[in-house]
Amino acid sequence: METSLLLGTVQKLFASAKGLLAMDESEGTCNKRLASIGLPGTEENRRAYREVLVTTPGLGESISGAILYDETLYQCTTEGRHFVQILAEAGILIGIKVDQGTQTLAGHPTEKVTEGLDGLRTRLKTYFAMGARFAKWRAVFSIAQGIPSRAAIEANALALARYAALCQESSLVPIVEPEVLMDGGHTRSRCQEVTEEVLHEVFRQLVVQGVMLEGMILKPNMVLAGSSSAEPDRVDQVASSTLHCLLRSVPAAVGGIAFLSGGQSGERASACLDAMHRPETGVATPLPWPVSFSFGRALQQPALEIWGGQAANRGSAQQALLHRARCNRAAVEGRYNLGMESG
Ligand code: 13P
């Protein structure tokens, strides 16, 4: 393990209030996104879409790292330039999703466990040699009557911790992503309770497995009422519940926190992130860790819709991505406002 390399990577990823672009959708998920704009899920369409994202001029001003999916590491632009090279030239560090998706947890038919530990050590060495400097593993937890179970929480936390230890052994910064999903009719306070329980177990396992907390990044959900709940969920309430939850469960040594967006709209995710960086939220500042973003949909969705598979729309799609990236950088500095959306 190269401690100084890990610490340097964390520092670069959070420098200058920048954040991460999550563009690591698996083939299936990317195909679903393409289907939503009427395109067939072919390798060429996935490549063409991702070419639009990675070739966005000026992206590196707000984005410090891009999380890729395995196939994207090998892909090139139509002119034959490797995506990895283009990102490196823009000063954007390469990350790679290394989990292999979820399966039903045995004995718990409504819950998932993330797989991908077999052979991971070898894959990590290959990814590092190809230029990756950080990695991602996502576990998911649903909230419903009686779940998440202790079985699901402990199985996923152990897998996240084993993954993180293997990453650090290969000098890759692990992004540890335990996502409590927003689907359901639960209250924000139930989301907070579950998120805290999950994070406590995740950090317990990370410590047991000897993970260096300074050399890892946590990618949590924000604390929200369920998407079908009638409870009003004000931006300042989300910010305050989320920060209280994290302060209770995330050790101060952790290198940084980069939120997922989880299905929130781009504007809403920016507003919630911004509120976490404003003194009026009422949470003691400064926070012990840098707090930034690692959004997928909340960065990409407008660009995807504008692109629509048409080469002629490439420039406007890139402007839309750049705009969301700038809004989120502003949010990390606590200077985002809705006026930025009308410009
Ligand atoms: P969303 O921001 O769309 O939730 O995606 C982030 C991510 O990387 C999920 O694993």
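Conventions adopted
- Residues numbered from 1 in each chain as written.
- Predicted model: local features only at pLDDT ≥ 70, side-chain atom pairs only at ≥ 80, totals over all residues.
- Heavy atoms only, no water.
- Near = heavy atom within 4 Å.
- Areas by Shrake-Rupley, 256 points an atom, 1.4 Å probe, with all protein chains shown as cover.
- Helix = DSSP H or I, 4+ residues; strand = E, 2+ residues; numbered from the N terminus.
- Nonpolar A, V, L, I, M, F, W, Y, C, P; charged D, E, K, R; others polar.
- Pairing = 2+ DSSP bridges.
- Contact = heavy atoms within 4.5 Å.
- Axes fitted to C-alpha atoms, helices over the stretch in contact; angles between N-to-C directions.
- Phe/Tyr/Trp six-rings, centres within 6.5 Å; stacked < 30°, edge-to-face > 60°.
- Buried < 20%, exposed > 50% of the residue type's maximum accessible area, 1.4 Å probe, protein only.
- Lys NZ or Arg CZ within 6 Å of the ring centre and 35° of its normal.
- Parallel < 35°, antiparallel > 145°, perpendicular 65-115°, else oblique.
- Left-handed = near helix turned anticlockwise from the far one by under 90°.

Caption draft 1: Just the site of the ligand, in detail. Taken together, 13 residues lie near the ligand, and Lys-136, Lys-219, Ser-261, Gly-262 and Arg-297 sit nearest. Protein contacts shield 92% of the accessible area of the ligand, which totals 300 Å² for the unbound molecule. Mapped onto the shell around the ligand, the elements with two or more residues apiece are β6 (132-141) and β10 (291-295). Its residues assigned to classes, the shell around the ligand shows 3 nonpolar, 4 polar and 6 charged.

Caption draft 2: Here's a closer look at the sheet that holds β6. Spatial ordering of the closed barrel is given by β1-β2-β3-β6-β7-β8-β9-β10, a layout of 8 strands whose pairing is parallel. Both strand β2 (residues 63-68) and strand β3 (residues 93-97) contribute to a ladder of 4 bridges, which runs parallel. Pairing of Ala-66 across the sheet is with Ile-94, part of β3. Across the sheet, helix α12 (residues 314-332) lies against β1 (19-23), β2 and β10, angled at about 160 degrees from β10, the strand it touches most.

Caption draft 3: Seen up close, the packing of aromatic side chains. In the structure shown here, the tally under the stated rule is 3 aromatic pairs. On the numbers, 5.5 Å between centres and 35 degrees between planes, the contact of Tyr-49 with Trp-307 is tilted. Here Trp-307 lies in helix α11 (residues 297-307) and Tyr-49 lies in helix α3 (residues 43-54), a separation of 258 residues in the sequence. Since its relative accessible area comes to 5%, Trp-307 is described here as buried. On the basis of an interplanar angle of 40 degrees and a centroid distance of 5.6 Å, the ring pair of Phe-293 and Phe-295 is categorised as tilted. Taken as a pair, Phe-293 and Phe-295 share a single burial class, namely buried. We note Arg-133 situated over the ring of Phe-128; from NZ or CZ to the ring centre the distance is 3.8 Å.

Caption draft 4: Main features of the packing of α3 against α11. In the contact formed by α3 and α11, the axes pass within 11 Å of each other and the chain directions differ by 120 degrees. Between α3 and α11, the interaxial angle falls into the category oblique. By crossing handedness, the relation of α3 to α11 is classed as right-handed. Contact residues: α3 offers Asn-45, Ala-48, Tyr-49, Val-52 and Leu-53, while α11 offers Gln-300, Leu-304 and Trp-307. Residues of the contact of α3 with α11, tallied by class, amount to 6 nonpolar, 2 polar and no charged.

So, to be careful, I would describe these as geometric facts and stop short of saying anything about function.
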